[in-house]
Amino acid sequence: MKLLSVLLCVLACLTFRTPVSAQSSDPEYYVTIGVFAVPDNAVRYTTRANKLGFNAQYAINPAKNMHYVYLLQTSDRKKAFSFMIKVRAESEFKDAWLFIGHLGNDEPAAAPIPLPIVPLVVIEEKKDSAVAVVPVPVVVVPVKPKRVVKGKLFTFRFLNAENGNEIRGEIHFAESNKATQYQAFKADSLVDLPAPRNAAGVYYITTVAPGYRTTETPFNFKDPLPVSSGTGAEGELIIPLSLERAKRGDYIEFNNVSFYRNSVVMHPQSQLELDGLADLMKEHQGYKVRIHGHCNGTESRDIITLGTSTKYFESDVSNVKKNGSAKELSELRAEAVRRYLVTEGVLVERILTKGEGGKMMVYPQNSVYANYNDRVEVEIVKH
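Below: a short report on this structure. Keep in mind it's a predicted model, so treat the numbers as computed, not measured.

1. Looking at the side chain of Ser 258
Relative to the assigned elements, Ser 258 resides in the loop between β15 (251-253) and α4 (270-283). Residue Ser 258 is classed as buried on the basis of its relative accessible area of 16%. A polar side-chain atom of Ser 258 sits 2.7 Å from a polar atom in the side chain of His 267. With near-sequence residues (within four places) excluded, Ser 258 lies in contact with Met 266, His 267, Gln 269, Ser 270 and Asp 374.

In structure tokens form, the structure reads like this:
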């Protein structure tokens, strides 16, 4: 029976994995102003921010092996969004954004994961004519299928030319600089790019990113190593592309304020960023803002309006459907943001609105990022 006891102990140990740490898995919020591959660059940027009066720090993101420079770390979501909006409005760090997760080398422990057990082998222990039958646990490990590559693997990473921040955007590949057809991919995604059909082995790439100048440049598919910064986890070549700001001034681009398609109703995640703006305006009574509404496309359409509803972040029976122009949709969106800010205690006369329609789209209407054309921007009119 001694053998039986030992095997049962082994079975118990293999059935569950015990966490190695009691750290919480709750995310932290980091108001981030820069992301750098080289630690010395992160140190210099941190020093620069501290000279401007901030309490800046930096830490590594192990998943990307990049160093993040941040001004605030907190578990309070509302505090994080409020501070982020303040940094964008009052400092040179107009691209400040939130990293949500954990920075540093101390990763939170995973929860216990039960391992599958399959009784495949039977051991018999004979003693005094008795037979003990004990199942031996076998752990089944899934095998990751091998990727089938049709061309070459790349990741094209958009970076702010001033501070090295990663930028959301879209990259287009065309066979010539006059082509009307192109392939579109998200920046910082894994791209399996087939060889171009032209004899030179060259693609013409176009970068599209909100708030940044569009660039058009040839890309040598046959010999991409000179413009590469290394390789990624899948063996893909990393191609960094530096982008210049298209506009400056006291505009705040809201990365998280978005709308349902052809609707004035906002996605739920929009609320935290708007709460940050409301807190900033209540703290600084001299601020006035103009809300610019935008939409995807310039054609008229059926619009879902708020109607008499006071629910800005979910559908409601009071919503009303009507046909209207793109400009009308964008005006209603700007007005919805104003109405919400007023409910949060901001005086209505401090908020102006303007509908831009679809004349200032930041992505092509039918592109993979077209939904980001449905947005608002905030202009600081008076301090």
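2. Concerning the pattern of salt bridges
Side chains that carry opposite charge are capable of pairing whenever their charged atoms lie near each other. For the structure on display, the rule yields 17 salt bridges. Between Arg 301 and Glu 299 there is a salt bridge whose closest N-O contact spans 3.7 Å. Arg 301 sits in the buried class, given a relative accessible area of 7%. Classification of Glu 299 by relative accessible area gives partly exposed; the value is 37%. Its salt-bridge partner being Asp 374, residue Arg 333 comes within 2.7 Å of it at the nearest N-O pair. Taken together, the residues Arg 333 in helix α5 (residues 326-343) and Asp 374 in the loop between β19 (351-355) and β20 (376-382) connect sequence positions 41 residues apart. Each of the two residues, Arg 333 as well as Asp 374, counts as buried. Each of the salt bridges in this network shares a partner with another, and the network as a whole consists of Lys 64, Arg 157, Glu 166 and Asp 188.

3. Some thoughts on the packing of aromatic side chains
Where two aromatic rings form a pair, the distance of their centres and the angle of their planes describe that pair. Per the counting criterion, the structure on display carries 18 aromatic pairs. Ring geometry for Phe 156 and Phe 173: centres 5.2 Å apart, planes at 65°, overall edge-to-face. Highlighted residues: Phe 156 in strand β7 (residues 152-160) and Phe 173 in strand β8 (residues 170-174), separated in sequence by 17 residues. Note on Phe 173: relative accessible area 2%, which makes it buried. Relative to Phe 221, the ring of Tyr 203 has its centre 6.2 Å away and its plane inclined at 75°; by these criteria the two rings are edge-to-face. Of this pair, Tyr 203 sits in strand β11 (residues 202-208) while Phe 221 sits in the loop between β12 (215-220) and β13 (230-231); the two residues are 18 residues apart in sequence, bridging distant segments of the chain. The burial state of Tyr 203 is the same as that of Phe 221; both residues are buried. The rings of Phe 154, Phe 156, Phe 173, Phe 185, Tyr 203, Phe 219 and Phe 221 are connected pair by pair, giving a single aromatic cluster.

Thresholds applied
In every chain, residue numbers begin from 1 and rise along the written sequence. This being a predicted model, a pLDDT of at least 70 is required before a residue's local features are given, and a value of 80 or more before pairs of side-chain atoms are given or counted; all residues contribute to the totals for chains, interfaces and linings. In computing side-chain values, all of the structure's heavy atoms are included and hydrogens and water are not. Here a strand is any run of E in DSSP of at least two residues, a helix any run of H or I of at least four, and the numbering for each starts at the N terminus. For every residue, the accessible area obtained with a 1.4 Å probe (protein chains only) is divided by the maximum for its type, and the residue is called buried under 20%, exposed over 50%, and partly exposed between those limits. As used in this structure description, the phrase polar contact means that two N or O atoms lie within 3.5 Å; if the pair is within protein, one of them must be able to donate a hydrogen and the other to accept it, and residues adjacent in sequence are counted only when both atoms belong to side chains. When checking whether two residues touch, look at their non-hydrogen atoms; a contact exists if any pair is within 4.5 Å. Here, a salt bridge means any Lys or Arg side-chain nitrogen found within 4 Å of an Asp or Glu carboxyl oxygen. When the centres of two rings from Phe, Tyr and Trp lie within 6.5 Å, Trp using its six-membered ring, the rings pair. Their planes under 30 degrees apart give stacked, over 60 give edge-to-face, and anything left gives tilted.

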